[in-house]
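This is what each chain is made of:
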Amino acid sequence: MTPSRSAFAVLLAKDLRTELRTMRSLPAMILFAVTTFIIFRYGLDRTTLSGSLAGGVLWTTLLFAGILGINRVFVSELEEGGFDAIRLAPVDRTVLFASKASALFIYFAVLEAIIVPVFAMFFLPDWSALIPLTLLLAGANLGFAVLGTLISSMAVNSRARDLLVPLLLLPLVVPLMIAVTAASAGLFDAAGPDYEGFGTWLLVVGLYDGVFLLVGYAVFDFLLED
Amino acid sequence: MDDRPDAARDRPHEAHSDAARSGEEPAGPDSPGGPHVDEGSSPPAIRLRGLSRDYGGRPALREVDLDLAEGENLALLGPNGSGKSTMLRILATLLRPTSGEVTVLGCTLPDQSWKLRGRIGYLGHEPLLYRDLTGRENLELQARLHGIPRDEASARIEADLDLLEMGRRADDRVSGFSAGMRQRIAICRAVLHRPPLLLLDEPDSNLDPEGRELSRSLIGPAEGRTRVLVSHEPERAKAEADVVVMLDRTGQVAGRTGHRSTEARP
């Protein structure tokens with residue numbers, strides 16, 4: 001068997017290199033998110049947001065922008081025979097799961113590095129919440145990337161995958177969205193970041209990540225079978 | 001000249017459908033049935049017993065029996081939809097059989113698929129190349145997935161690309177290649193890890209006569225290399241094969257021929 005670390009590195013590098021060359025996912029995700037913020041800004045007719053409303057705007061936008069990336073994460077493997085090439089190699093198949101989830105995590109991180117400052121410019125009078133927010137973003141990214149990889153691998157063989165991914169993903173992502181929105185509501189308090197309950201919700205996010213990491217590790221091999 | 005060991009040349013073959021397995025008299029070499037393999041000799045590279053595969057209830061392969069010794073060449077012939085590619089994908093561990101026993105290089109499929117991966121060179125209808133990577137990057141990716149040391153991989157890639165006259169275009173993206181150029185890179189990909197078993201599904205498709213000739217050293221008959229070749233060119237397949245199996249439209253074995261004459265080997 002090829003060492004998993006080496007196979008993971010080469011598959012992740014392939015995905016990142018391909019995205020850098022083609023820009024198939026990230027520009028669409030960023031454009032969607034920025035457009036949504038503009039719509040919220042003028043739709044709500046508010047120059048500042050705080051509390052759960054700010055959290056709701058941020059996480060809703062990230063969720064739907066993320067789905068654009070999740071929809072495409074396995075398309076190259078399907079259309080260009082990557083699944084078969086990997087299944088023919090002496091590689092643990094969960095390496096593919098790990099590399100795809102990592103690629104999605106990186107896409108989300110890049111997306112957030114660009115759009116969270118945009119969000120702050122549009123809606124936040126005080127940027128001090130952004131530092132603890134990064135912790136929350138990292139936890140949410142992990143869970144979202146892992147779940148997105150699982151769902152995308154299930155839906156990729158269907159011609160209706162663009163419909164299937166949100167249908168399967170959205171119900172499962174609700175607990176994560178509740179946790180991160182609740183945790184960030186205090187951070188975006190109008191009087192400055194309030195950390196009451198932040199640790200508890202962060203723990204819930206961690207538990208969610210752990211559960212879906214284990215589920216992904218356990219079932220991904222079967223999802224690649226014919 | 002056939003330079004394989006005598007044991008391999010003299011190996012009896014079997015490729016017959018349920019008639020032969022039901023205890024009827026074995027048929028002659030050119031009949032749909034065939035003689036049973038000598039069970040006491042060394043294990044075959046490929047052994048199929050009652051292999052069947054359905055797609056949603058529609059049979060693609062039915063009750064195929066076959067033995068192929070190591071180092072031998074099998075040609076699979078038959079009309080479109082006769083199950084040739086399905087059989088190849090099952091042998092490559094890419095598809096599960098619906099029923100029957102499949103043993104490839106001593107590994108029972110699908111249970112021991114993991115032991116077989118990396119020992120098969122598979123060239124299917126799709127080139128299995130990423131369009132947005134260059135030809136060389138695709139081959140390097142495959143080499144890493146197969147655990148080939150970097151130096152050795154580089155040497156093999158250079159040699160194979162030169163052999164197929166793709167060295168000059170190897171750093172271009174695959175998306176800019178013609179179908180024939182993609183097939184040349186796909187051939188390099190299939191043999192990069194020097195597998196003992198080659199599964200080739202119409203390997204000449206999209207290749208010009210020069211490409212066909214150049215590719216023979218990588219995927220043609222050779223000592224110690226077991227090959228299963230799916231082809232729509234019966235004459236070439238028969239010239240290269242030790243065993244020829246014909247499948248009919250129902251996915252059953254319709255005919256079989258045994259050894260070709262050793263003089264016919266190129």
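All of these numbers come straight from a predicted model, not from anything done at the bench.

Q: Tell me about the overall build of chain A, and name the residues and values.
A: In terms of regular secondary structure, chain A is built from 9 helices and 0 strands. What you see for chain A is a C-alpha radius of gyration of 18 Å, in line with the 17 Å of a compact globule of 226 residues. In terms of principal-axis extent, the alpha carbons of chain A reach across some 60 × 35 × 30 Å. Every one of the 226 residues in chain A was classed for burial, and the buried ones make up 44%. Of the contacts formed within chain A by residues at least 6 apart in sequence, a portion of 85% connects residues at least 24 apart.

Q: Which residues make up the confidence of the model for chain B, and what are the values?
A: All names here are of chain B. For chain B, the average pLDDT comes to 82, and 81% of its residues sit at 70 or higher. Low pLDDT, under 50, characterises residues 1-40; the stretch is placed with 80 contacts to residues that sit more than four places away or in other chains. Note that pLDDT drops below 50 for residues 260-266; the model gives that stretch 9 contacts with residues more than four away or on any other chain. Here the predicted complex carries an ipTM of 0.89, next to a pTM of 0.86.

Q: With reference to specific residues and values, describe the sheet that holds strand 9 (residues 226-230) of chain B.
A: Residue and element names in this part refer to chain B. Pairing within the open sheet is mixed, and its 6 strands lie in the order 7-8-9-4-10-11. Because the sheet does not close on itself, it has two edges, and the strands there are strand 7 (120-123) and strand 11 (253-257). Going from strand to strand, the sheet's axes swing by 15° on average, the running direction of each strand aside. Here strand 7 pairs with strand 8 (residues 197-201) via 4 bridges, running parallel. Bridge assignment links Ile 120 to a residue of strand 8, and that residue is Leu 197.

Q: Outline the confidence of the model for chain A, supporting the account with residue identities and numerical values.
A: For chain A, mean pLDDT is 93; residues scoring 70 or higher make up 100% of the total. Across chain A, helix 6 (residues 94-123) of chain A holds the top mean pLDDT of 96, while helix 4 (residues 75-79) of chain A sits lowest at 88.

Q: Tell me about the interface of chain B and chain A, residues and numbers included.
A: In many analyses, interface size is given as the accessible surface area lost on bringing the parts together. Each partner contributes to the interface: chain B provides 23 residues, whereas chain A provides 22 residues. Secondary-structure elements contributing two or more residues to the side of chain B that touches chain A are strand 7 and helix 5 (135-145) of chain B. Per element, the largest residue contribution to the side of chain B that touches chain A is 4 residues, and it comes from helix 5 of chain B.

What counts, and at which threshold
Residues numbered from 1 in each chain as written. Chains lettered and ligands numbered in written order. Predicted model: local features only at pLDDT ≥ 70, side-chain atom pairs only at ≥ 80, totals over all residues. Helix = DSSP H or I, 4+ residues; strand = E, 2+ residues; numbered from the N terminus. Rg over C-alpha atoms; globule rule 2.2 N^0.38 Å. Buried ≥ 20, exposed ≤ 12 C-beta atoms within 10 Å, placed from the backbone. Contact = placed C-beta atoms within 7 Å. pLDDT = per-residue confidence, 0-100. Pairing = 2+ DSSP bridges. Axes fitted to C-alpha atoms, helices over the stretch in contact; angles between N-to-C directions.

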